[in-house]
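Secondary and tertiary structure notes
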Amino acid sequence: MDIRRILGLPELLDVKKVVCVQPHPDDNEVGAAGTLYELAQRGCEIVYITVTDGSGSGSTGEVEPEAIAAIRRSERLAAGDILGVTKHITLDYPDMGSYTEEELLAKLIPIIREEKPDLLMSVDPWMPYEAHPDHIKTGKAVASTMLFSSNEILFPGSKPHDVPQIAFYATSHPNTFIDVSAHWETKIASILAHKSQFDNVNWPLVKGYFDYQGVQLYSKLKQDPDAKGYAEAFKLLTSHQLHFFPSALYS
C-alpha cells in the first residue's frame, strides 16, 4: 500500500519548501547535495538547520573550539552557496554536547511552525551501526518534530503546522532514489567546500567511496547492474508511518 499516493502527496522533487536538519555542518552535502541542488534548480526553497557548531572537529588545524566553529561556519555557508540554500539557522550546540532529544524537539517545533515546510529532511537515526550520538539524537528529534509540530495541546505557543512527509538520507532501507548524474560534480564541489574535513584526508579514496555508492544506488534506481550514472537514496515517509506502523520498514 502506497500511503503517500493515497494521501495525494507530491513526489520528493516536486516539493516547494524543504527544511534540512543536519547534525554537523557537512552532513546535508554528504547525504543529499545532488537532490538539494536539483530542488533548488526547480525553485524549491531550501532551509538548513544545523544542530552543532562543528567545534569537535580535529582536522581544522585549530585547537580552540571557537576558532574551529568559525571555520566550520564559513565552510557550511560556502557549500550552501554552491547548492542554492535559501536560509541558514544554527542551534550551535557543541559536538557531542549534553543536549537531549527533548531539548532539540522543543527548539525545532517553533522553527518548523514558522518555516512551514512541506518536507523535512535529516539523517536516518535508525541506520544499523550508526553510533554517533549527534546523528541519533538529531534524526530522532526531527522525526518527533514531524509528529508534534501540529499538536498544540502538548506544544502550545505558536500556530501548528502539519508536515506531510520526511526524507531520511544515509539510510539502509531506502524507498526513493533520485538520479543526480547531472549534478554529481556539483555534489562533490559542495563536499569539498568543507575543506577542513576533506582536504586533510585521503581525498581520492574518499571520493572513490562516494562515486561507488552513487553508482550502486543508480543501478538500484534503474534496476540494471550495468547502468551508468549516480543516484542518492532516501527513506521517504509520512507522519502516519512514524507511529505504530510496523510495515514502515518495507514501505
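Higher on the page you've got the structure.
Numbers given for residues are sequential positions, taken from 1 along each chain in its written order. In view of the model being predicted, local features appear only for residues whose pLDDT reaches at least 70, and side-chain atom pairs are presented and counted only at 80 or more, with totals across whole chains, interfaces and linings using the full set of residues. Heavy atoms from the whole structure form the basis of all side-chain values; hydrogens and water molecules are not counted.

Quick word on the overall build of the protein
- Looking only at helices and strands, the protein features eight helices and seven strands.
- Scaling as 2.2 N^0.38, a compact globule of 251 residues should have a C-alpha radius of gyration of about 18 Å, and the protein matches this with 18 Å.
- A principal-axis box enclosing the C-alpha atoms of the protein has dimensions of 50 × 45 × 35 Å.
- Working definition: with a 1.4 Å probe on protein chains only, accessible area under 20% of the residue-type maximum means buried, over 50% means exposed, and in between means partly exposed. Out of the 251 residues in the protein, the part that is buried amounts to 51%.
- The contacts of the protein with a sequence gap of at least 6 include a subset with a gap of at least 24, amounting to 77%.
- The Shrake-Rupley method, run with a 1.4 Å probe sphere, supplies the accessible areas, and residue values consider only the shown protein chains as cover. Here the protein has roughly 11,900 Å² of accessible surface; of this, 55% comes from carbon and sulfur atoms. Secondary structure elements follow DSSP: runs of H or I no shorter than four residues count as helices, runs of E no shorter than two count as strands, and numbering proceeds from the N terminus. Two things to know: the radius of gyration comes from C-alpha atoms, and the globule rule equals 2.2 Å times the number of residues to the power 0.38. Contacts are assigned to residue pairs with any non-hydrogen atoms lying within 4.5 Å of each other.

Focus: the sheet that holds strand 1 (residues 17-22)
- Pairing between strands is defined by DSSP: at least two bridges between the two strands are required. Across the sheet, which stays open at both edges, the seven strands sit in the order 3-2-1-4-5-7-6 with mixed pairing between neighbours. Since the sheet does not close on itself, it has two edges, and those belong to strand 3 (87-93) and strand 6 (176-179), each with one partner. Mean inter-strand twist for the sheet, computed between neighbouring axes without regard to direction, equals 25°.
- Bridge count between strand 1 and strand 4 (residues 119-123): four bridges; the pairing is parallel. Note that in strand 4 the partner of Cys 20 across the bridge is Met 121.
- In this analysis, axes come from line fits to C-alpha atoms, helices being fitted only over the stretch in contact, and the angle between any two N-to-C directions falls in the range 0 to 180 degrees. Across the sheet, helix 3 (residues 65-83) touches strand 1, strand 2 (45-52) and strand 3, and the angle it forms with strand 3 is around 155°.

Structural notes on the side chain of Lys 137
- Relative to the elements of secondary structure, Lys 137 occurs in helix 5 (residues 133-148).
- Only four residue types enter the tally: Lys and Arg on the positive side, Asp and Glu on the negative side; His and the chain ends are excluded. Note on definitions: salt bridges are taken to be side-chain nitrogens of Lys or Arg within 4 Å of carboxyl oxygens of Asp or Glu. The buried charged residue Lys 137 lacks any salt bridge partner; its closest oppositely charged side chain belongs to Asp 134, at an N-O distance of 4.8 Å.
- Contacts described as polar in this section are N or O atom pairs within 3.5 Å, which, within protein, must combine one atom able to donate a hydrogen with one able to accept it, while residues neighboring in sequence count only if both atoms come from side chains. Here Tyr 99 takes part through its backbone oxygen, which lies 2.6 Å from a polar atom of the side chain of Lys 137.
- Discounting chain neighbours no more than four positions away, the residues touching Lys 137 are Gly 97, Ser 98, Tyr 99, Thr 100, Glu 101 and Leu 104.

Let's talk about the nonpolar core
- Counting 30 residues, the largest nonpolar core has Leu 39, Ile 46 and Met 121 as the members making the most contacts within it.
- Mapped by element, the contributors of at least two residues to this core are strand 1, helix 2 (27-41), strand 2, strand 4, strand 5 (165-169), helix 6 (184-192), helix 8 (203-222) and strand 7 (231-238).
- Per-element tally for this core: the top contributor is helix 2, with five residues.
- If you look at the next biggest cluster of nonpolar residues, it comprises 23 residues, including Val 19, Tyr 99, Ile 112 and Ile 166. To form a nonpolar core, buried Ala, Val, Leu, Ile, Met, Phe, Trp, Tyr and Cys residues must be joined to one another through side-chain atoms within 4.5 Å.

Considerations on the packing of aromatic side chains
- Aromatic pairing here means that ring centres of Phe, Tyr or Trp (its six-membered ring) are within 6.5 Å. Orientation follows from the plane angle: under 30 degrees is stacked, over 60 is edge-to-face, and everything else is tilted. Counted by the stated rule, this structure contains eight aromatic pairs.
- When the centroid spacing of 4.4 Å and the interplanar angle of 10° are considered together, the rings of Trp 184 and Tyr 230 count as stacked. With Trp 184 in helix 6 and Tyr 230 in the loop between helix 8 and strand 7, the pair connects residues that are 46 residues apart, well separated along the chain.
- Owing to a relative accessible area of 3%, Trp 184 belongs among the buried residues under this scheme.
- An aromatic cluster is present here, built from Phe 198, Trp 203, Tyr 209 and Phe 210 joined pairwise through their rings.

Quick look at helix 6
- Three or more residues of helix 6 are buried, namely Trp 184, Thr 186, Lys 187, Ile 188, Ser 190 and Ile 191.
- On the buried face of helix 6, the contacting elements are helix 2, helix 3, helix 7 (195-198), helix 8 and strand 7.

Some remarks on the pairing of strand 5
- The buried count for strand 5 comes to five of five residues, which makes it a mostly enclosed element.
- Burial of the side chains of strand 5 extends over both faces: Gln 165, Ala 167 and Tyr 169 are buried on one face and Ile 166 and Phe 168 on the other.
- In this view, the connection linking strand 4 to its parallel neighbour strand 5 by way of helix 5 has right-handed handedness.
- In this structure, strand 5 lies alongside strand 7, joined through four bridges in antiparallel fashion. Across the sheet, Phe 168 pairs through a bridge with Lys 235, a residue of strand 7. If you view a crossover with the strands going away from you and the path from the first strand over the helix to the second runs clockwise, you call it right-handed.

Examining the side chain of Thr 60
- Within the fold, Thr 60 resides in the loop between strand 2 and helix 3.
- Polar contacts involving the side chain of Thr 60 include one to the main-chain amide nitrogen of Glu 62, which spans 3.1 Å.

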